[in-house]
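# Coordinate inspection notes
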Amino acid sequence: MLFFLSFVVFLIGLYCVATRKNLLKIVMGIVIMEYAVNFFLILLGYRMGGVAPIVTEGVKEAKFVDPLPQAMVLTSIVISIATLAFIVAICIRIYQRYHTFDVTEIRRLKG
Amino acid sequence: MNIIPLFVAVPLGAAFILVLMGKREIASDVIVNLATLCLAILSLVLIPFLKNNNGVFVYAMGMWFPPKGINLVLDGLSLFMLIVVNTVAFFISLYSIGYMKRFTAKSRFYSLFMLMLAGMNGVVLTGDFFNLFVFLEIASIASYALVAFGVEAEELEAAFKYMVMSSIASVLILFSVGLLYGLTGSLNMADVAGIIQGENNLLLSFSLILFLVGFGLKAAIIPFHAWLPDAHPSAPAPISAMLSGVLIKALGVYTIIRIFFNVYGMTTQLSWTLMILGVISMISGGLLAIRQEDFKRLLAYSSISQIGYILVGLGCGNYWGLIGALFHLLNHATFKSLLFLNSGAVEYSTGTRKLEEMGGLSKVMPVTGATSTIGSLSISGIPPFNGFWSKLFIIFGLVQAGHFIITALTVLVSVLTLAYYLKVQRFAFFGRLREKWAQIKEVPKVMCVSMIVLAIICIGTGILFYPLMKTILEPAVAVLQEGTKYSILILGG
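Residues numbered from 1 in each chain as written. Chains lettered and ligands numbered in written order. Predicted model: local features only at pLDDT ≥ 70, side-chain atom pairs only at ≥ 80, totals over all residues. Heavy atoms only, no water.

As annotated in an unreviewed UniProt entry, chain B carries the name NADH/ubiquinone/plastoquinone (Complex I) and comes from Aerophobetes bacterium.

Worth spelling out the cut-off: UniProt positions are given in the numbering used here, feature names are shortened, and annotations may be inferred rather than shown by experiment.
If you check an unreviewed UniProt entry, chain A appears there as Cation:proton antiporter from Aerophobetes bacterium. UniProt's Sequence similarities (unreviewed entry) comment on chain A is quoted here verbatim: "Belongs to the CPA3 antiporters (TC 2.A.63) subunit C family." Under the UniProt heading Subcellular location (unreviewed entry), the entry covering chain A gives this text: "Cell membrane".

### What about the overall build of chain A?
To be explicit about the condition: Put simply, DSSP H or I for four residues or longer makes a helix, DSSP E for two residues or longer makes a strand, and each gets a number counted from the N terminus. Between the two quantities, the radius of gyration covers C-alpha atoms and the globule rule is 2.2 Å times the number of residues to the power 0.38. For every residue, the accessible area (1.4 Å probe, protein chains only) is compared with the maximum for its type, and the residue is labelled buried under 20%, exposed over 50%, or partly exposed between those bounds. By definition in these notes, contact holds between two residues if any of their heavy atoms fall within 4.5 Å. All accessible areas in this document rest on Shrake-Rupley with a 1.4 Å probe, and a residue is counted as covered only by the protein chains that are shown.
When helices and strands are counted, chain A shows three helices and zero strands. In sequence order, chain A lays out its α and β elements as α-α-α. For 111 residues, the compact-globule estimate of 2.2 N^0.38 gives 13 Å, and chain A exceeds it by more than 25% at 20 Å. Once the C-alpha set of chain A is aligned to its principal axes, its extents read approximately 65 × 25 × 20 Å. Within chain A, buried positions represent 34% of all 111 residues. When contacts within chain A are restricted to residue pairs at least 6 apart in sequence, long-range pairs at least 24 apart make up 52% of them. In the structure as shown, chain A presents an accessible area of about 6,900 Å², 68% of it carried by carbon and sulfur atoms.

### Focus: the overall build of chain B
Going by this rule: Charged-residue counts in this description rest on Lys and Arg as positive and Asp and Glu as negative, His and the chain ends being excluded. In this description, the location of a charge corresponds to atom NZ of lysine, CZ of arginine, CG of aspartate or CD of glutamate.
Across its full length, chain B holds 20 helices and two strands. Relative to the compact-globule value of 23 Å for 493 residues, chain B shows a C-alpha radius of gyration of 21 Å, a close match. Its C-alpha atoms put chain B at 70 × 55 × 40 Å along the principal axes. Residues counted as buried form 66% of the 493 residues belonging to chain B. Partitioning the intrachain contacts of chain B with sequence separation of at least 6 by distance along the chain shows that 81% fall at a separation of at least 24. Surface exposure of chain B reaches about 16,100 Å², of which carbon and sulfur atoms provide 70%. Placing the 29 positive and 21 negative side-chain charges of chain B at their respective mean positions leaves the two points 6 Å apart.

### Examining the UniProt feature "transmembrane region" (unreviewed entry) in chain A
Residue and element names in this part refer to chain A. UniProt's feature table lists "transmembrane region" (unreviewed entry) at residues 26-46 and 71-95, given in the numbering used throughout. Secondary structure content for residues 26-46 is 95% helix and 0% strand, and the end C-alpha separation is 31 Å. For residues 71-95, helix accounts for 100% and strand for 0%, while the C-alpha atoms at its two ends are 36 Å apart.

### Brief notes about unusual backbone geometry
Phi at His99(A) takes a positive value of approximately 55°, unusual for a residue other than glycine. Mapped onto the secondary structure, His99(A) falls in the segment after helix H3 (67-98). Not every positive phi belongs to a glycine, and Ala220(B) is a case in point at roughly 60°. Positionally, Ala220(B) belongs in the loop between helix H8 (202-219) and helix H9 (228-234). Under the relative-accessibility criterion, Ala220(B) is labelled buried at 0%.

### Here's the deal with the interface of chain A and chain B
Note the threshold: Accessible area that two parts lose when put together, evaluated with a 1.4 Å probe and summed over both, is termed the buried area. Criterion for a salt bridge: a side-chain nitrogen of Lys or Arg within 4 Å of a carboxyl oxygen of Asp or Glu. Whenever two N or O atoms come within 3.5 Å, that pair is a polar contact, provided that in protein one can donate a hydrogen and the other can accept it, and provided that, for residues adjacent in sequence, both atoms are side-chain atoms.
Contact residues are listed per partner, giving 38 residues for chain A and 38 residues for chain B. Here chain A packs against chain B, burying approximately 3,300 Å² in sum over the two surfaces, 81% of which is carbon and sulfur. Taken together, chain A and chain B are joined by one salt bridge. There are four residue pairs in polar contact (both at pLDDT 80 or more) connecting chain A and chain B. No other element matches H3(A), which puts 16 residues into the side of chain A that touches chain B.

### Digging into the nonpolar core
This is how it is decided: Residues enter a nonpolar core if they are buried and are Ala, Val, Leu, Ile, Met, Phe, Trp, Tyr or Cys, with the set joined through side-chain atoms within 4.5 Å.
The biggest cluster of nonpolar side chains holds 211 residues, and the ones touching the most others in it are Met120(B) and Leu314(B). Every residue in contact with Met120(B), bar those within four places of it in the chain, is listed here: Val85(B), Ala139(B), Met242(B), Val246(B), Leu247(B), Ala250(B) and Leu251(B).

### As for the packing of aromatic side chains
Residue and element names in this part refer to chain B. As a reminder, the rule being used: Centre distance within 6.5 Å is the pairing criterion for rings of Phe, Tyr and Trp, where only the six-membered ring of Trp is used; planes under 30 degrees apart are then read as stacked, over 60 as edge-to-face, and the remainder as tilted.
In this structure the tally under the stated criterion is 30 aromatic pairs over all chains. The interplanar angle of 20° and the centroid separation of 5.8 Å between the aromatic rings of tyrosine 95 and tyrosine 99 together place this pair among those described as stacked. Residue tyrosine 95 and its partner tyrosine 99 are both found in helix H3 (residues 76-99); the two are separated by four residues, about one turn of the helix. Judged by relative accessible area, tyrosine 95 falls into the buried class, the value being 0%. Using a relative accessible area of 1% as the deciding quantity, one classes tyrosine 99 as buried.

### A few points about the pairing of strand S2 (residues 71-75) of chain B
Burial runs high along S2(B): five of the five residues are buried. Residue alternation in S2(B) divides its side chains into two sets, Asn71(B), Val73(B) and Asp75(B) and Leu72(B) and Leu74(B), and both sets are buried.

### Section: the side chain of Ser28(B)
Secondary-structure assignment places Ser28(B) in helix H2 (residues 25-52). Dropping the residues within four chain positions of it, Ser28(B) is found in contact with Leu18(B), Met21(B), Ser107(B) and Tyr110(B).

### So, a nonpolar patch on the surface
All names here are of chain A. Applied cut-off: Like-charged residues are merged into a patch within 9 Å and nonpolar side chains (Val, Leu, Ile, Met, Phe, Trp, Tyr) within 5 Å, provided each residue has over 30% relative accessible area and no salt bridge.
A cluster of nonpolar side chains, namely Met1, Leu2, Phe4, Leu5, Val8, Ile12 and Phe39, defines an oily patch on the protein surface of about 700 Å² accessible area. Ranked by residues supplied to the nonpolar patch, first place goes to helix H1 (residues 2-19) with five residues. Along the polypeptide, phenylalanine 4 turns up in helix H1. According to the relative accessible area criterion, phenylalanine 4 is exposed, its value standing at 52%.

### Section: the pattern of salt bridges
All names here are of chain B. Applying the stated criterion across every chain yields a total of eight salt bridges over all chains. A salt bridge links lysine 161 to aspartate 230; its shortest N-O distance comes to 2.5 Å. Residue lysine 161 is located in helix H6 (residues 153-184), and its partner aspartate 230 is located in helix H9; the two are separated by 69 residues in the primary sequence. Taking relative accessible area as the criterion, lysine 161 reaches 32% and is therefore assigned partly exposed. Residue class for aspartate 230 comes out buried when judged on its relative accessible area of 2%.

### A short note on the packing of helix H10 (residues 237-264) of chain B against helix H13 (residues 319-350) of chain B
Residues and elements named next belong to chain B. Selection rule: Comment: axis = line fitted to C-alpha atoms, over the contacting stretch for helices; angle = value between 0 and 180 degrees taken between N-to-C directions. We call two directions roughly parallel when the angle between them is under 35 degrees, roughly antiparallel when it is over 145, roughly perpendicular when it lies between 65 and 115, and oblique otherwise. For a crossing to be left-handed, the near helix must be turned anticlockwise from the far one by less than a right angle; the clockwise case is right-handed. Following the grouping adopted for this structure description, the nonpolar residues are Ala, Val, Leu, Ile, Met, Phe, Trp, Tyr, Cys and Pro, the charged ones are Asp, Glu, Lys and Arg, and the polar ones are all others, Gly among them.
Contact pair H10 / H13: the axes reach a minimum separation of 6 Å and the direction vectors enclose 165°. By the angle between their axes, H10 is roughly antiparallel relative to H13. Along this stretch, H10 crosses H13, giving a crossing that reads as right-handed. Residues Ala237, Pro238, Ser240, Ala241, Ser244, Gly245, Lys249, Val253, Ile257 and Phe261 of H10 form the contact with H13, whose participating residues are Leu322, Leu326, Leu329, His332, Ala333, Lys336, Ser337, Phe340, Leu341 and Gly344. Each residue belonging to the contact of H10 with H13 can be placed in one class, and the counts come to 12 nonpolar, six polar and two charged.

Written out as structure tokens, the structure is:
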């Protein structure tokens, strides 16, 4: 069920990217998509009633959550932060050149 | 002999040092050229090394062996891509010495360039899905910054468009990697290939489609191509050459080949999908290219068209089709980078990219004129040049597989290619020289050298295609034909 929810969030992000006209809203759409995928990855590793996977003596039989997706999510968050910082910087530069955030008015390239 | 990690480590280290260089331009020129020269030589040194190792070599990072740890895999296909990427990168860095004088912050440019190279080498070498995603993002983020490097209005617009579409592609790829992990509990490509073999599951097909769309966006196959004709012309010329010549192939086509052939295994539906996408890209890319007025934009559309050829060859799937596709990949890397460097040289001297404003430039810029003629003839497939052989092999493959309609279309698009390159030659380099261009000079010598050597490679690979096929193309094709036996080879060896 929650997997389905993450897919719905993903589609909301995609819809946002496809339909919004404001540059920053498009950026937000991308961020929503990234979060949906991170959410999905975390869900993959989740075990009902699991504990943190720290192997010491005496906890051998305990039920662990899968640590690998968590490591993946950390990496993917770092990457998406880098992308986000850069894309927002580009948005600011675009605003300085075109004096608008409206994508329909930012159209010098065509053909 | 563990030199494989150097392909990622050297450019990453160089990128770090170059940031510290600041205004010391000569030092950064030296560093970047040394690094790319080293990598180009290393990639050639690996040819005999791989032969002694029976065509596959697995390097476990930090001695964590697969399937648990991350591994770098060197096989025929990876080696072939490494040679293409690093050789082209060397000539482009050589060319940048002269060309990038127009921009400030040359060392920053080089630093981003090296990051992009590190990402591409990583993508080509890695044997792990998540690692693939990380390297893909390194290369992509560096390329976004490089497209926006001039910070003019058009460049920013192109970079934004490119970033949005490419970020969506990355998210789709990550989603698909997650799905595969959920289904198999492994991230190692070889391990995943072993587990999913013979399984037929709806979610598996869904992850396949996500990969196709994600990598299709990166490779700019036609329904997903919208960013390419803006992004490639907007970047500085050496970067256009790198993006069109190498990046879309390393990030898009190579990954499609690796994942579809070696992990999922080719099926009839999949090969038809590739072939149909290829035909659409080929035809519409060509038709869109013919009406362009901007030199670099025309070249960008032509890239889409030529990527179509590669996909058709791959989809065809028999020996000649595959060898033609890989040979065309190599050839496209050489002549498309050559042509983009020519367009950069024209822009350097005249300051314009509009074809109709040029004319007769061969008289004042003989090197650029001659090399661009060689490049144009190669890409249109005129006999002694390399483009002819690769297109011929693809056509052989198609005839052998009995796809006669697609064969006819392939030949027609080849004629179309000739048409729009004749247009380039006619408008830019032949004809009467205009008054206002009478005083311009040929570009600096380093730029000339790099264009001349690329032109010689175009002719050389055309004439010496047989030894080339035996040494680097056949091992690569062997990897494709093994298909999903890849998993046993990697995990067993």
